[in-house]
Amino acid sequence: MNRREIILDFTSLLDVIMIILFFFILFARLETIEEKAAMEEKQADTLSEMKAEYDKLNKEAQDKIKAADEEKKKAKSALEEAEKYLNDLKNSSERAASNIAGIHEFDRGMNLKIHLKMNDNNWKLELFTGDEKISDIPRASLDEMKSAIAAALTEKGCSEKDTILCDFIYNAREDGTASAYKEVRALFDSIKFSYENLYISETDTSIFEEK
């Protein structure tokens, strides 16, 4: 075999080696791409699982927070209801005590009595506790007379929350009484805005007089 044939033989061998290397590199690259794709898919699955777990835990946390808020609202509502009940009970007890005191005062004849006294078509109010006169209130403006009666009630020891039983005494046969009566009733209606538990009975003394 001469030198030329030997060189040709080596050339063919190199071609085979190059082909083998080409396919080796190609398959190696394909394998790397597949592994990368598998790894990315696995990472995506892992991230999806982590997100699902996070969403689950977050929902559980939100549900617990919501439940705690609901319980807090229920507790607050129950506390407010209990406080209202206690206040109503306290007010009820105070009102009952005030009612009893007012009835006891009335029973002893020591309740407030307001006499309408006519004088030449003018009039005034005389306030008594039992047989004791505690105030003379001449006819004046509504506000002035209202203030005078309020002052008399305060001096008597009555507050705006107390139960006050009062007698209004007048004689319907006296001249000018009809007009005076209307003014006095308007005065009483005005006073009751401040003294909500003021109860006024009326006594017309003319019914006891002989005709």
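Refer to the preceding data block for the structure.
Described in the following lines is the structure provided in the data block. Starting afresh in each chain, residues are numbered from 1 along the sequence in its written order. Residues qualify for local features only when their pLDDT is at least 70, as the model is predicted, and side-chain atom pairs are given and counted only at 80 or more; totals for whole chains, interfaces and linings, by contrast, use all residues. Hydrogens are left out, water is left out, and the side-chain values use all remaining heavy atoms of the structure.

Examining the pairing of strand S1 (residues 112-119)
Let me state the cut-off plainly: When DSSP finds two or more bridges between a pair of strands, those strands are recorded as paired. Secondary structure elements are defined from DSSP: runs of H or I of at least 4 residues count as helices, runs of E of at least 2 residues count as strands, and each element is numbered from the N terminus.
As paired strands, S1 and strand S2 (residues 122-129) are joined by eight bridges and run antiparallel to one another. From the neighbouring strand, Lys 113 faces S2, where its bridge partner is Phe 128. The antiparallel hairpin formed by S1 and S2 contains two residues in its connecting segment, where Asp 120 sits at a positive phi of about 55°. Here S1 pairs with strand S4 (residues 164-170) via four bridges, running parallel. Bridge pairing links Lys 113 to Asp 167 in S4.

Considering the pattern of salt bridges
Two side chains that carry opposite charge are able to pair once their charged atoms sit near each other. Where we set the bar: Each salt bridge in this description consists of a side-chain nitrogen of Lys or Arg and a carboxyl oxygen of Asp or Glu lying within 4 Å of one another. Accessibility here uses a 1.4 Å probe with only protein chains present; expressed as a share of the type maximum, an area under 20% marks a residue as buried, one over 50% as exposed, and anything in between as partly exposed.
Enumeration according to the criterion identifies seven salt bridges in this entry. Between Lys 124 and Glu 126 there is a salt bridge, and its shortest N-O distance comes to 3.5 Å. Lys 124 gets classed as partly exposed once you look at its relative accessible area, which sits at 29%. The closest approach of N and O atoms between Asp 136 and Lys 124, which form a salt bridge, is 3.8 Å. Here Asp 136, found in strand S3 (residues 132-138), pairs with Lys 124, found in strand S2; they are twelve residues apart in sequence, far enough to count as distant. Each of the salt bridges in this network shares a partner with another, and the network as a whole consists of Lys 124, Glu 126, Lys 133 and Asp 136.

A look at the pairing of S2
Counting buried positions along S2 yields six of eight residues, so the element is predominantly enclosed. Judged from the six bridges that link them, S2 and S3 form a sheet pairing that is antiparallel. Considered in S3, the bridge of Glu 126 is made with Asp 136.

As for the packing of aromatic side chains
Put simply, the rule reads: Each aromatic pair joins two rings of Phe, Tyr and Trp (for Trp, the six-membered one) with centres within 6.5 Å, and gets the label stacked for planes under 30 degrees apart, edge-to-face for over 60, and tilted for any other angle.
Evaluation of the coordinates by the stated rule reveals four aromatic pairs. Ring centres of Phe 168 and Phe 188 lie 5.2 Å apart, and the angle between their planes is 85°; on these two criteria the pair is classed as edge-to-face. Placement of the pair is Phe 168 in strand S4 and Phe 188 in helix H3 (residues 177-191), with a sequence separation of 20 residues. Here Phe 168 falls in the buried class, since its relative accessible area comes to 0%. In this structure Phe 188 comes out as buried when scored by relative accessible area, which is 1%.

Regarding the nonpolar core
Worth spelling out the cut-off: Only buried residues count toward a nonpolar core. Its members are Ala, Val, Leu, Ile, Met, Phe, Trp, Tyr and Cys residues joined through side-chain atoms within 4.5 Å. Throughout, a residue-residue contact means that at least one pair of heavy atoms, one from each residue, lies within 4.5 Å.
Among the nonpolar cores identified, the biggest contains 25 residues, and Ile 114, Leu 116, Trp 123, Leu 125 and Phe 168 are the most heavily contacted of them. Elements represented by at least two residues in this core include exactly S1, S2, helix H2 (142-155), S4, H3 and strand S5 (198-204). At five residues, H3 tops the list of elements feeding residues into this core. If we ignore the near neighbours within four places in the chain, the residues touching Trp 123 are Leu 116, Lys 117, Met 118, Pro 138, Arg 139, Met 145, Ala 180, Glu 183 and Val 184.

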